[in-house]
Amino acid sequence: MNTKAVASFMAVILGCACASAYDLNGRWEGNSLTIRRSTVSFPTGNGWTNAYADAINKFNRNPSRFQLALGVDSGGVALNNGQSETCFLASGDSTLSGASGICYTWYRFDIWDWESYIDEADVFYETPSTYPFTTSTNKANLWPYYGPYRSFQGTVLHEVGHAAGLGHTGNTYSIMGREYEHLSTNSNTAKAYLGEDA
């Protein structure tokens with residue numbers, strides 16, 4: 001047997017397995033997702049709501065066809081109720097599992113095309129947060145620049161990335177790594193963004 005051919009074949013196979021710029025936790029059947037915001041946590045015109053909408057707009061600048069929308073929830077926010085929703089939860093709520101932001105996803109299996117799809121994604125944020133959030137883009141306020149706060153927009157981008165199906169990554173420069181450090185700066189302004197590899 002030709003060992004060079006086998007070695008080349010294995011290098012191609014192993015290289016292909018490691019070539020993706022991000023990890024997928026799953027995918028949606030379509031190309032869009034509406035996340036319904038709790039009007040108690042995110043009322044119209046509120047600074048947190050505006051920051052959430054800004055993060056969604058930044059996500060939608062990605063080069064894929066997948067797009068997010070921020071809608072309004074018509075009832076109470078609940079896990080696994082057939083609607084993708086978002087809200088703040090009180091510090092210590094067991095749903096948060098000790099995190100300041102978390103996304104839960106539910107899957108369904110389509111027997112006709114033998115695929116598993118994300119069916120629902122619920123995103124929750126801690127309030128008051130163990131790691132306090134800010135909607136400010138002044139870099140003096142943000143952790144990476146020795147400020148006291150974590151970027152709320154960065155955390156939203158990270159969690160809606162999970163809602164869209166993206167997994168964590170430690171080997172690419174993207175929001176799916178350590179979101180509070182993934183900022184684009186210009187003078188005194190620091191803004192969260194997806195990154196080149198997301």
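This structure is a prediction, so every number in the text was calculated from the model and none was measured.

Peer 1: Which parts of the structure should I look at to understand the pairing of strand β1 (residues 32-37)?
Peer 2: Side chains on a regular strand alternate between the two faces of the sheet. Only one face of β1 is covered, namely the face carrying L33, I35 and R37; the face carrying S32, T34 and R36 is uncovered. Bridge analysis of β1 against strand β2 (residues 67-72) gives 6 bridges, and the strand direction is parallel. The residue of β2 that forms the bridge with S32 is Q67. Considered for its hand, the β-α-β crossover made up of β1, helix α2 (residues 47-59) and β2 is right-handed. Sheet topology note: the β1/strand β3 (residues 85-90) ladder contains 2 bridges and is parallel. Among the inter-strand pairings, R37 is bridged to a residue of β3, identified as T86.

Peer 1: Looking at this model, I keep getting lost on the environment of T86. Mind explaining?
Peer 2: Mapping T86 onto the fold places it in strand β3. Taking the C-alpha atoms as reference, T86 lies 8.7 Å from F42; in sequence the two are 44 residues apart. Discounting chain neighbours no more than four positions away, the residues touching T86 are I35, R36, R37, S38, F42, Y52, L70, V77, V123 and Y125.

Peer 1: Just to check I follow, could you spell out the pairing of strand β9 (residues 189-192) for this structure?
Peer 2: Only one face of β9 is covered, namely the one carrying A190 and A192; the face carrying T189 and K191 has none of its residues buried. Note: strand β8 (residues 183-186) against β9, 4 bridges, orientation antiparallel. Each bridged residue has a counterpart across the sheet, and for N186 the counterpart in β9 is T189. Between β8 and β9, which pair antiparallel one after the other, the connecting turn spans 2 residues, and S187 there sits at a positive phi close to 60°.

The rules behind each value
- Residues numbered from 1 in each chain as written.
- Predicted model: local features only at pLDDT ≥ 70, side-chain atom pairs only at ≥ 80, totals over all residues.
- Heavy atoms only, no water.
- Buried < 20%, exposed > 50% of the residue type's maximum accessible area, 1.4 Å probe, protein only.
- Helix = DSSP H or I, 4+ residues; strand = E, 2+ residues; numbered from the N terminus.
- Pairing = 2+ DSSP bridges.
- Right-handed = clockwise from strand over helix to strand, strands pointing away.
- Contact = heavy atoms within 4.5 Å.

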